[in-house]
Each structure stands twice: as C-alpha cells, then as structure tokens.
Amino acid sequence: MSFGVSALGYELGEEIPVLDVAAQYTDDMDRVRTYASRYMHRSAPGVGLTDLSLEAARKALDKAGLETPRIDLLVLAVTDLTEYLYWDAAAALLHRLGADGAEAVLLTQACSSGVAAFDVVAGKFATHPEYRTAVVVAASRVAEPYWNRLETGAGCFSDGAVAAVLQRGHDELRWRAGEITTDGTHVDFFRLEAGGAAAPFGTPEAAAAPPRVGGIEDVKAYFANDHAKISAFGAHTRDQYRLVVERACKRAGIGFFDLARLLLPFDNQPAMSGLITALDFPPERTNLALAEDFGHLGAADPLFALARETEAGSLRRGDHVALAAVGRGMSWASALFEA
C-alpha cells in the first residue's frame, strides 16, 4: 500500500506585526519581545475554521487537477473549538466541498492532529482498497472568547488551514511511516472548566469557573512553580519528540540524521531553538526560520512548513522529510515522507 502527496494548498488570516497588536492581548510586552516572532496571522470576525479549511482544500484540489466528488476520504484535524458544539465540522466541510457520500473524519487532539491524520489515511487506505483519493486538512482558528493568542501558550497563535491531497500510487512525497505515542499524565493541561458535561453552561459550577483556558502561568502552578519538575517535564517532552521521529525512521529503514528536513510546530524562537538543540539536529534543516513570520498555526504548522518547502523546490528526489508535533492528551506524532 503506497500513497503520496500530489498537491498542497493553504489559506491564512491577515498578516499582522506581533508588536503592533500585542497590547490587545497582554500587559507583558517584555515577554512577547522575547518570543522574537515578527508576525501572526489573524482572521477577520465571521471567518470560521471551516471557511479557512474550505479555501485551503479547494486550492489543493485545483493544483491536483481533481474534482471534489472524487474524494473518497476527508480528514479534518483541528486545534481549537470549531464554529459550533455538538457539530461535525468534517462533515460540514465535506458538504461544502460538494463531496457528500465520501467518508469524513474529525480529529481533535489539537496540535498533533495534523500529523496524526496521515496515520488515519494510511489505515483507511489499507482497509478500503477502493479508496483512491484522500484530503487531509489541518486547521487553526483561535476561539477568542476562550483562548488568548498571546497568553494561553508561550507563543503567538495564528489562524490558518493547510490541505494535502493524497493519492494511492502517487510516487512523489510518498508516505513512508507514521508513529504516535500518548501520555495522559498531564491530560488536564489547557482544560476549559466550563461548558462540558461536568459543568454545563448556565450552572453555578460553570459560572464559578474561569472563562478562558488557563495560560502558561497555570501550567507552572500545576507543577507548584517547582523549577526541577518543570525542567523534567520539558525534557520528557523533547525525548518524546525524538522517540516518535526515530521510530518512524526505523520503520522506513533510515537513521534520524538521514532526514533532509525535520518540520516541527512553530513555537517562539528561543523555545524552538532549544528543542532543536536538544534533538541535536541541524537548525538549517528545520523550519525554525519560517516560524518567525507566521506564529503558531496549531495543527497546521508542520504541514504548512512542508507546503512552503515544496513551493521553494528545496526537496530533492529521495529526500526524507519528517513532520512532528505534540498535542492535547498529551500525544506526540510523526509522519515520514520521501520526496
């Protein structure tokens, strides 16, 4: 069973200099400056996650020369809440594409979902030999009432979607392997206390809960501001990144340092540099420089970096490229491709 990426397309929010709008989100300008992030991308009010996803998918399908009814499978990987609760955004996107009758899958483990989606496609292609074409869309649209672009995480959160058209038998950007590992020890990170079945909206429990997802300070408080515990957690996270990528490489019969590119989530520059250093991987073979100008696109980061690599024509035939990410759960995922 073999499939490859035949086309990529993306749609981003408006490019905005981070320091021009940072005061709208935080009083800690010194912290924002340490991020060394030049731009973020913010969609206009009324532009939803499925709007961004629709445009990205149409662009990718146009590049592939395909009509949307030919889709057999759509996988939508999201970072934040979609437009509605109790609503299948993947089914809505499939319908808007005019591909009703195909299969739609929605993945919601945040930033790892866009990478994990390729494992889903691999499994579906293996069990459904009649499937010829799949579309993966990884999308991020910050739900502003619940998530602060500059305080919930240690970086600048952006809006955007990236779509990949995957075709059975396509021999360029061929999927070679995937790997996912999950550790639920810290599953409560970034949990929104109000609105779920435990504390539904309109109840006293929900009214007493914080109105937004906790920020980086809450993560520190979770570890009782114990520097040793925070450092140990950071080391564990970096080890898990290395683990999933090395396992994917082993499945493909290559070594970690044989990778031509390692494409990671867009973090602030010091944090991303620290991860790359810990992985002992050459920074010039990563997407570190790209991250400076786009902010964190959530589930879409590594796939957007892959789209930019293909646009630049920087990959040579036979190059191996690994996408890696971490998301809620916590889950680490890797997907390996051969150009």
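Just so you know, these numbers come straight off a predicted model, no measurement behind them.

Caption draft 1: Molecular detail of the overall build of the chain. Scanning the chain for helices and strands turns up 11 helices and 11 strands. Here the chain has a C-alpha radius of gyration of 19 Å; the compact-globule value for 339 residues is 20 Å, and the two agree. Viewed in the frame of its principal axes, the chain has a C-alpha envelope of about 50 × 45 × 35 Å. Counting all 339 residues of the chain, 54% fall into the buried class. Considering only contacts within the chain whose residues lie at least 6 apart along the sequence, 75% involve residues at least 24 apart. Positive and negative side-chain charges in the chain, numbering 31 and 45 respectively, have mean positions lying 4 Å apart.

Caption draft 2: Highlighting the packing of aromatic side chains. Under the counting rule described, the total for this entry stands at 18 aromatic pairs. Ring centres of Trp147 and Phe157 lie 5.3 Å apart, and the angle between their planes is 75°; on these two criteria the pair is classed as edge-to-face. Note that Trp147 is positioned in the loop between β6 (133-140) and β7 (160-168) and Phe157 in the loop between β6 and β7, a separation of 10 residues in sequence. Here the aromatic rings of Phe266 and Phe304 are separated by 6.2 Å at their centres, their planes lie at 75°, and the arrangement is edge-to-face. Pair noted here: Phe266 is in the loop between β9 (261-263) and α9 (269-279) and Phe304 is in helix α11 (residues 301-312), with a separation of 38 residues, a long-range link. Accessibility assignment for this pair places Phe266 and Phe304 in one class, buried. Following the ring pairs from residue to residue traces out a cluster consisting of Trp147, Phe157, Phe189, Phe190, Tyr222, Phe223 and Phe233. Over the ring of Phe256 we find Arg242, and its NZ or CZ is 4.1 Å from the ring centre.

Caption draft 3: Geometry of helix α3 (residues 49-64). Here α3 is 16 residues long and its end C-alpha atoms lie 23 Å apart, about the 22 Å a rise of 1.5 Å per residue gives. Where α3 is concerned, the buried positions are Leu49, Thr50, Leu52, Ser53, Leu54, Ala56, Ala57, Ala60 and Leu61. Turning to α3, the residues buried within the fold contact β1 (3-12), β4 (73-78), α4 (89-96), β6 and β7. The first or second residue beyond α3 is Gly65, which carries a positive phi of 70°.

Caption draft 4: View of the nonpolar core. With 74 residues, the main nonpolar core has Phe118 and Leu303 as its most contacted residues. Leave out the neighbours within four places in its chain, and Phe118 touches Phe3, Val136, Ala164, Leu166, Trp175, Leu303, Leu323, Ala335 and Phe337. Membership of the second largest hydrophobic core comes to 25 residues, among which are Leu61, Val135, Ala161 and Ala163.

Caption draft 5: Main features of a nonpolar patch on the surface. A contiguous nonpolar patch, built from Leu81, Leu85, Tyr86 and Phe201 and spanning about 520 Å² of accessible area, is present on the exposed surface. Position of Leu81 among the secondary structure elements: in the loop between β4 and α4. Residue classification places Leu81 among the partly exposed residues on the basis of a relative accessible area of 36%.

Caption draft 6: Region of the structure containing the pattern of salt bridges. All chains considered together, the criterion is met by 21 salt bridges. Across the pair Arg96 and Asp51 runs a salt bridge, and its minimum N-O distance is 2.9 Å. With a gap of 45 residues between them, Arg96 in helix α4 and Asp51 in helix α3 connect regions that are remote in the sequence. Since its relative accessible area comes to 36%, Arg96 is described here as partly exposed. As a salt-bridge pair, Arg261 and Glu309 come within 3.1 Å of each other at their nearest N and O atoms. Residue Arg261 is located in strand β9, and its partner Glu309 is located in helix α11; the two are separated by 48 residues in the primary sequence. Both residues of the pair, Arg261 and Glu309, count as buried. Here the salt bridges do not stand alone but share partners, grouping Arg141, Glu144, Arg149 and Asp159 into one network.

Caption draft 7: Broad picture of helix α8 (residues 227-252). Taking 1.5 Å per residue as the helical rise, α8 with its 26 residues ought to reach 38 Å, and the 38 Å between its terminal C-alpha atoms agrees with that figure. Taken together, the buried positions of α8 are Phe233, Gly234, Thr237, Gln240, Tyr241, Val244, Val245, Ala248, Cys249 and Ala252. Of the residues that open α8, the one with a side-chain oxygen 2.9 Å from the backbone nitrogen of Ala228 is Asp226. Once α8 ends, the next one or two residues include Gly253, with phi positive near 80°.

Criteria and cut-off values
Residues numbered from 1 in each chain as written. Predicted model: local features only at pLDDT ≥ 70, side-chain atom pairs only at ≥ 80, totals over all residues. Heavy atoms only, no water. Helix = DSSP H or I, 4+ residues; strand = E, 2+ residues; numbered from the N terminus. Rg over C-alpha atoms; globule rule 2.2 N^0.38 Å. Buried < 20%, exposed > 50% of the residue type's maximum accessible area, 1.4 Å probe, protein only. Contact = heavy atoms within 4.5 Å. Lys, Arg positive; Asp, Glu negative; His and termini not counted. Charge placed at Lys NZ, Arg CZ, Asp CG, Glu CD. Phe/Tyr/Trp six-rings, centres within 6.5 Å; stacked < 30°, edge-to-face > 60°. Lys NZ or Arg CZ within 6 Å of the ring centre and 35° of its normal. Expected span 1.5 Å × (residues − 1). Core = buried A, V, L, I, M, F, W, Y, C linked by side-chain atoms within 4.5 Å. Patch = residues over 30% accessible without salt bridge, like charges linked within 9 Å, V, L, I, M, F, W, Y side chains within 5 Å. Areas by Shrake-Rupley, 256 points an atom, 1.4 Å probe, with all protein chains shown as cover. Salt bridge = Lys/Arg side-chain N within 4 Å of Asp/Glu carboxyl O. Polar contact = N/O pair within 3.5 Å; in protein donor to acceptor, adjacent residues only side chain to side chain.

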